[in-house]
Amino acid sequence: MPETSASTPPGIPAETIEIHNARDIYSRAPVSLRLKDGRIDWIGAPGSMPDGEAEDSPGNSAGARRIEAEGLWVCPGLCDSHLHLFTGGVTLTQLSLFGIDTREDFAAALADYRRGREADPLLCAISANYEILGPGTRPDRHALDALLPDQPLVIYAVDLHTSWANTAALTAAGLMDHVPEVKNAEIVLGPDGKPNGELREGNAMRLVGRLSANGGRDNAAMAGDEPGEVTETERAADKAALAAAMQACAAYGITTGVNMDGNLYQAELLSEMERDGELPIRVSLAMRLSPAHDEARIAELIEAATRPGSEKLSFGRIKMFLDGVFDTWTAYRTDDYPDRQGFRSEPLFAPDRFEAICKAADARGLQIQVHCVGDAAVKTALDGYQAAREANGARESRHRVEHIDMLHPDDLARFAALDVVASMQPVHPPGSSGLPLEPTVSIMGRARWKDTFPWKTLQDAGASLAFGTDWPTAPLSPFNAIHSALAREPWAADVPDQRIPFEAVIDAYTAGGAHALFAEGTRGRLAPGKAADVVLLQGDPRELLGGPEACRAHTTICDGRVIYERG
């Protein structure tokens with residue numbers, strides 16, 4: 001995580017900032033900007049700024065802060081269109097297993113992390129590949145017991161749809177004595193009839209996760225549930241986690257975070273932080289609806305989503321899951337899984353109930369976004385959006401489909417026809433961002449590779465793209481994501497090349513994100529009158545093709561305030 005130096009406190013009014021001699025990320029031309037009253041007041045060639053000093057003068061406009069940006073690139077503030085702030089903030093203090101793919105490296109990292117934490121009620125590690133213990137393997141409690149037998153340990157898969165717990169953690173959660181039934185999830189059993197340590201999907205994972213130091217309150221938000229009674233100390237800790245997450249965003253040039261794990265509790269926390277001037281970035285929060293929720297809870301969350309927002313904190317959205325992921329065979333697809341003939345998984349929401357929710361939310365003017373990994377899930381989401389349009393009339397709804405790991409060709413044209421945003425993550429294709437190809441590509445099936453992660457295919461068909469990371473399932477760094485988008489290689493010669501040009505990738509991280517939030521009038525471009533959300537980049541961003549370290553955020557400005565400066 002980048003180190004942070006002094007920045008303007010969020011509650012301080014926007015200052016006038018003059019940026020001189022930067023280089024435009026699109027045209028590569030030298031450019032200067034003046035930011036005033038939270039807006040871009042002027043942009044033009046160096047040396048021509050009106051009402052100010054010449055570029056070669058030692059001074060600057062009265063009262064303005066001058067940033068000499070020679071050698072830096074200027075870009076609209078980045079929008080991560082899919083992340084989980086609360087969970088991400090919590091994971092900043094957990095063990096990251098990103099990039100580890102051998103038992104030996106895992107053991108060394110765990111031993112180092114555990115020092116000083118021997119009394120923790122649960123050790124948590126994130127970003128574990130499914131084959132972290134070696135090719136062809138899958139973790140279970142016995143393998144984890146061999147690494148740590150006496151202290152509860154849980155490791156979360158890179159997609160956050162699976163976790164693995166050791167016997168001590170399963171025992172502490174009561175699962176070794178009784179295995180409860182869990183909806184839309186699975187506690188995998190071993191040959192002895194006992195849990196083998198693998199917990200698939202949130203309702204199973206939370207049974208162990210609630211043992212953690214923060215009580216699993218972030219997991220409750222991921223499910224759209226409420227955490228129950230919370231002490232003032234716990235509430236302060238949760239605000240601190242959110243604050244850490246937002247500051248991490250600022251350090252990567254992210255000025256807008258589209259937060260996917262909303263509940264009433266998190267809405268309260270963020271609203272209080274906004275009131276107190278503690279939101280360094282802009283946040284949009286969706287209310288998370290679960291198939292386990294009854295109709296009263298669904299109605300409550302839809303009502304909560306209609307609350308008025310502001311320029312820094314917005315609502316107006318609901319989020320649902322229609323399926324899981326391929327690695328647990330929970331992605332809902334239109335054809336059989338290659339290794340499980342006759343099995344295609346199933347939607348988490350019954351289609352008729354899903355359509356009813358879509359109609360109800362759309363009638364309230366809300367934006368709907370749905371997690372869809374398999375192509376049958378995508379089809380079901382589009383069916384729901386079409387049903388809402390037919391019931392309520394056409395409007396500029398900009399409903400979204402999140403992920404789209406697989407798309408059936410028959411549904412390609414429906415994105416543009418229904419004005420649906422394709423919200424995708426360049427870090428997700430196997431082989432990108434440290435992810436191994438296996439077991440995912442085999443579970444998908446060779447015949448379907450041509451239909452996977454179709455960024456270019458969707459864009460060529462007129463769909464609007466918005467890029468993000470799904471942090472903390474992947475690193476938060478947009479530079480890692482941009483590298484992944486530029487450097488992606490087809491898995492075989494007959495698989496379409498889904499790369500899009502550099503400018504289109506930046507658009508998906510800026511203007512595309514603003515469009516998906518109905519904010520294109522004020523954000524996503526460098527132009528007079530637009531919001532003063534600007535990032536200065538150190539290193540040529542086009543060199544990100546060669547690696548994610550080629551470029552980094554130097555200075556991040558949101559709403560006319562400097563929220564991050566590299567020391």
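Residues numbered from 1 in each chain as written. Predicted model: local features only at pLDDT ≥ 70, side-chain atom pairs only at ≥ 80, totals over all residues. Heavy atoms only, no water.

Chemist: How should I be thinking about the pattern of salt bridges in this particular structure?
Modeler: Should the charged atoms of two oppositely charged side chains come close, the side chains can pair. Summed over the entire model, instances satisfying the criterion amount to 45 salt bridges. The partner of R200 in a salt bridge is E186, and the shortest N-O contact between them spans 3.2 Å. Pair noted here: R200 is in strand β12 (residues 195-200) and E186 is in strand β11 (residues 186-189), with a separation of 14 residues, a long-range link. (Salt bridge = Lys/Arg side-chain N within 4 Å of Asp/Glu carboxyl O. Helix = DSSP H or I, 4+ residues; strand = E, 2+ residues; numbered from the N terminus.)

Chemist: Just to check I follow, could you spell out the packing of helix α7 (residues 232-251) against helix α8 (residues 264-275) for this structure?
Modeler: In helix packing, the relevant descriptors are the interaxial angle and the interaxial distance, both defined with respect to the helix axes. Contact geometry of α7 with α8 gives a least axis separation of 11 Å together with a crossing angle of 70°. On the basis of their axis angle, the class for α7 and α8 is roughly perpendicular. On the side of α7, the interface is formed by E234, R235, D238, K239, L242, A243 and M246, while α8 contributes Y265, Q266, E268, L269, L270, E272 and M273. Partitioning the contact of α7 with α8 into residue classes produces seven nonpolar, one polar and six charged. (Axes fitted to C-alpha atoms, helices over the stretch in contact; angles between N-to-C directions. Parallel < 35°, antiparallel > 145°, perpendicular 65-115°, else oblique. Contact = heavy atoms within 4.5 Å. Nonpolar A, V, L, I, M, F, W, Y, C, P; charged D, E, K, R; others polar.)

Chemist: Which parts of the structure should I look at to understand the pairing of strand β9 (residues 153-157)?
Modeler: A regular strand places its side chains on the two faces of the sheet in alternate fashion. For β9, a buried count of five out of five residues is recorded, marking the element as mostly surrounded by other parts of the structure. Examined bridge by bridge, strand β8 (residues 123-128) and β9 share four bridges and lie parallel to one another. Residue pairing across strands places A128 opposite A157, the latter belonging to β9. Once you follow β8 into helix α3 (residues 141-147) and on to β9, the crossover reads as right-handed. Summarising the sheet, β9 and strand β10 (residues 162-165) pair through three bridges and their orientation is antiparallel. Bridge assignment links I155 to a residue of β10, and that residue is W164. A loop of four residues connects β9 with β10, the two strands running antiparallel in sequence, and L160 in this loop sits at a positive phi of about 60°. (Buried < 20%, exposed > 50% of the residue type's maximum accessible area, 1.4 Å probe, protein only. Pairing = 2+ DSSP bridges. Right-handed = clockwise from strand over helix to strand, strands pointing away.)

Chemist: What should I look at first to understand the pairing of strand β18 (residues 421-424) in this one?
Modeler: Every second residue of β18 is oriented toward a common face, with V421 and S423 on one face and A422 and M424 on the other, all of them buried. With three bridges joining them, strand β17 (residues 400-403) and β18 adopt parallel strand pairing. Within β18, the position partnered with V401 by the bridge is A422. For the segment spanning β17, helix α12 (residues 412-417) and β18, crossover handedness is right-handed. Where β18 lies against strand β19 (residues 464-467), four bridges are found, and the strand directions are parallel. Each bridged residue has a counterpart across the sheet, and for A422 the counterpart in β19 is L465.

Chemist: Mind showing me how you'd approach the state of the cysteines here?
Modeler: Should the sulfur atoms of two cysteines be covalently bonded, the bond is a disulfide. Inspection of the entire model under this criterion finds zero disulfides. With no disulfide of its own, C75 lies 8.6 Å from the sulfur of C551, the closest cysteine sulfur. C75 sits in the buried class, given a relative accessible area of 1%. (Disulfide = S-S within 2.5 Å.)

Chemist: Explain helix α16 (residues 502-509) here, please?
Modeler: Quick reminder: α-helices carry 3.6 residues per turn. Residues three or four places apart thus point the same way. Counting buried positions over the eight residues of α16 gives six, a clear majority of the element. Taken together, the buried positions of α16 are F502, A504, V505, I506, A508 and Y509. Contact partners of the buried residues in α16: β5 (72-76), β6 (78-83), α14 (455-460), β19, α15 (478-487) and α17 (511-516).

Chemist: Which parts of the structure should I look at to understand the sheet that holds strand β7 (residues 95-96)?
Modeler: In a beta sheet, neighbouring strands pair by backbone hydrogen bonds and run either parallel or antiparallel. Pairing within the open sheet is mixed, and its six strands lie in the order β7-β8-β9-β10-β12-β11. With partners counted over all chains shown, the strands left at the sheet margins are β7 and β11, one partner each. Bridge count for β11 against β12 is three bridges, and the pairing is antiparallel. By the bridge assignment, L189 is partnered in β12 with P195. Packing against the sheet, helix α5 (residues 202-209) makes contact with β9, β10, β11 and β12, and its axis sits at approximately 120° to β12.

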